[in-house]
Amino acid sequence: MALWGKDIARTKYVGNVYVDQLNRIKKESGALHRIAQKCENCNNNDYYSIYETFRVFRIMSIPLIQCDISYYFSCPECNFGFKLEVEEFKKLEQIALINSKYMEGKITRSEFESGLRDI
Ligand SMILES: [Zn+2]
């Protein structure tokens, strides 16, 4: 019997990081220097969207391995973006998760602000 495998790509939306948050991190820590203050293509965005992509190898609809994880960010206005290094993603992910929690009403304004300060 032959085994039929399928190699599937998945994209997971992580969240948004606003340009003023990005600029604060850049100023304070000197990190994230590869990412322009505003989209270097259209200069017209208020935030960047952060994504995680990976491949899942499935055999007979059973997901077996998750591999080739990579991270991206993109401009919501023009879709310009590039692949992030893991350290860049880790920082942006923290901000994006705090933003999402705050938007969904899961944390208060002061928890939101102190969460951002701790990054
Ligand atoms: Zn853009």
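Bear in mind the structure is a predicted one, so any value in this text is a computation, not a measurement.

## Thoughts on the coordination of the zinc ion
Tetrahedral coordination by four donors puts the ideal angle at the metal at 109.5 degrees, and octahedral coordination by six puts it at 90 or 180 degrees. Listed as protein donors to the zinc ion are Cys39 (SG), Cys42 (SG), Cys75 (SG) and Cys78 (SG); their distances from the metal cover 2.2 to 2.3 Å. For the zinc ion, the four donor atoms in the first shell make angles of 106 to 116° at the metal, a pattern classed as tetrahedral. Its relative accessible area of 0% is what places Cys75 among the buried residues.

## Quick word on the nonpolar core
Formed by 22 residues in total, the largest nonpolar core has its most connected members in Val17, Leu22, Ile35, Tyr48, Ile50, Leu84 and Leu92. Contributing elements (two or more residues each) for this core: β1 (5–18), α1 (19–29), β2 (47–59), β3 (62–74), α2 (86–103) and α3 (109–117). The biggest single contributor to this core is α2, with five residues. Those residues within four positions of Ile35 in sequence are excluded, and the remaining contacts are Leu22, Lys26, Tyr48, Phe73, Phe82, Leu84 and Leu92.

## A short note on the packing of α2 against α3
Packing of α2 against α3 brings their axes to within 10 Å, and their N-to-C directions diverge by 180°. Regarding the angle of α2 to α3, the classification is roughly antiparallel. Here α2 contributes Ile95, Ile98, Asn99 and Tyr102 to the contact with α3, which in turn contributes Arg109, Phe112, Gly115 and Leu116. By residue class, the composition of the contact of α2 with α3 is five nonpolar, two polar and one charged.

## Quick word on the pairing of strand β4 (residues 81–84)
Within a regular beta strand, the side chains point alternately toward one face of the sheet and then the other, so they alternate between its two faces. Strand direction decides the pairing type here: β3 and β4, joined by four bridges, are antiparallel. Note that in β4 the partner of Ser74 across the bridge is Gly81. Taking the residues between adjacent antiparallel strands as the criterion, β3 and β4 are bridged by six residues, where Asn79 takes a positive phi near 70°.

## A look at the pattern of salt bridges
All told, the structure shown has seven salt bridges when counted by the stated rule. The residue Asp68 makes a salt bridge to Arg55 at a minimum N-O spacing of 2.1 Å. Linking Asp68 in strand β3 with Arg55 in strand β2, this pair joins segments that are 13 residues apart in sequence. In this structure, Arg109 engages Glu113 in a salt bridge whose closest nitrogen and oxygen atoms are separated by 2.8 Å. Here Arg109 pairs with Glu113, and both are found in helix α3, just four residues apart, close to one helical turn. Exposure remark for Glu113: the relative accessible area of 33% places this residue in the partly exposed category.

Basis of the calculations
- The written sequence of each chain sets the order in which its residues are numbered from 1.
- Local features in a predicted model are, by the rule used here, given only for residues with pLDDT of at least 70; side-chain atom pairs are given and counted only at 80 or more, and totals for whole chains, interfaces and linings are based on all residues.
- Note: side-chain values were computed over all heavy atoms of the structure, leaving out hydrogens and water.
- Water is not among the atoms examined, so metal sites may look incomplete; donors are the N, O and S atoms within 2.8 Å of the metal, or within 3.2 Å for Na, K and Ca.
- Geometry assignment treats four donors as tetrahedral when all angles are between 85 and 135 degrees, treats four as square planar and six as octahedral when opposite donors are over 155 degrees apart and all others between 65 and 115, and treats everything else as irregular.
- The rule is simple: take the accessible area with a 1.4 Å probe, protein chains only, and divide by the maximum for that residue type; under 20% is buried, over 50% is exposed, in between is partly exposed.
- Among buried residues, those of type Ala, Val, Leu, Ile, Met, Phe, Trp, Tyr and Cys that are joined through side-chain atoms within 4.5 Å constitute a nonpolar core.
- What counts as a helix is a DSSP run of H or I of at least four residues, what counts as a strand is a run of E of at least two, and both are numbered from the N terminus.
- A contact between two residues is defined here by any heavy atoms of the two lying within 4.5 Å.
- Interaxial angle, 0 to 180 degrees, is taken between N-to-C directions of lines fitted to C-alpha atoms, where a helix line uses only the stretch in contact.
- Working definition: roughly parallel below 35 degrees, roughly antiparallel above 145 degrees, roughly perpendicular at 65 to 115 degrees, and oblique for all remaining angles.
- Note on residue classes: Ala, Val, Leu, Ile, Met, Phe, Trp, Tyr, Cys and Pro are nonpolar, Asp, Glu, Lys and Arg are charged, and everything else, Gly too, is polar.
- A pair of strands is considered paired only if DSSP assigns at least 2 bridges between the two.
- One speaks of a salt bridge when a side-chain nitrogen belonging to Lys or Arg is within 4 Å of a carboxyl oxygen belonging to Asp or Glu.

Function cannot be read off these values alone, since they describe shape.
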